[in-house]
Amino acid sequence: MTIPPGPSRAPDVFAAQCPTRQMLDRIGDKWTVLVVQTLDGGPVRFSALKRRIDGISQKMLAQTLRLLERDGLVARRVAPTTPVTVDYALTPLGRTLVGALTPLITWSESQMDAVIAARQAFDARPPAGWV
């Protein structure tokens, strides 16, 4: 999506056509979070990413990397070897995203017991209508 010409408007994530909404969609995707966190350690080859991120299909990994590259968060480097070697790394912009994602991951890992307990309590209650 391109931003229409005209007077510049302040970003409003609640506006359906605001590009920041698209960025939040990308950042909120589970595969994006896992790919970005994996790349935080430095350049990684496609096959190593696939092995590290359990459950991601080759198609989803390729699509996620392509979209992250398009958004300027990931750089793809092709080395002229035989066979060709391709690796992926975070760009400086991508590194700024790691700073935002790391606390979310830490929170998720540290609060999982409480979330599981809340789910079990919810599932054990009798069905009720919405208030």
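Everything discussed here concerns the structure shown above.
Everything numeric in this text was worked out from a predicted model, so none of it was measured.

A. The arrangement of the overall build of the chain in detail. When you go through the chain residue by residue, the secondary structure sums to five helices and three strands. Put simply, the chain runs from its N terminus to its C terminus through helices and strands in the order α-α-β-α-α-β-β-α. Along the three orthogonal principal directions, the C-alpha set of the chain runs to about 65 × 45 × 25 Å. In the chain, which comprises 131 residues, the proportion classed as buried is 23%. By sequence separation, contacts in the chain at least 24 residues apart represent 45% of the contacts at least 6 residues apart. As displayed, the chain has an accessible area near 9700 Å², and 60% of this comes from carbon and sulfur atoms. With 16 positive and 11 negative side-chain charges, the chain shows a spacing of 7 Å between the two charge centroids.

B. Inspection of the side chain of aspartate 87 at higher detail. Within the secondary structure, aspartate 87 is located in strand S3 (residues 85-90). Residue class for aspartate 87 comes out buried when judged on its relative accessible area of 9%. A polar contact is formed between the side chain of aspartate 87 and the side chain of arginine 77, at a distance of 2.5 Å. In this view, aspartate 87 contacts Pro43, Val44, Arg45, Ala75, Arg76 and Arg77; residues no more than four positions away in its chain are not counted.

Criteria and thresholds
- Residues numbered from 1 in each chain as written.
- Predicted model: local features only at pLDDT ≥ 70, side-chain atom pairs only at ≥ 80, totals over all residues.
- Heavy atoms only, no water.
- Helix = DSSP H or I, 4+ residues; strand = E, 2+ residues; numbered from the N terminus.
- Buried < 20%, exposed > 50% of the residue type's maximum accessible area, 1.4 Å probe, protein only.
- Contact = heavy atoms within 4.5 Å.
- Areas by Shrake-Rupley, 256 points an atom, 1.4 Å probe, with all protein chains shown as cover.
- Lys, Arg positive; Asp, Glu negative; His and termini not counted.
- Charge placed at Lys NZ, Arg CZ, Asp CG, Glu CD.
- Polar contact = N/O pair within 3.5 Å; in protein donor to acceptor, adjacent residues only side chain to side chain.

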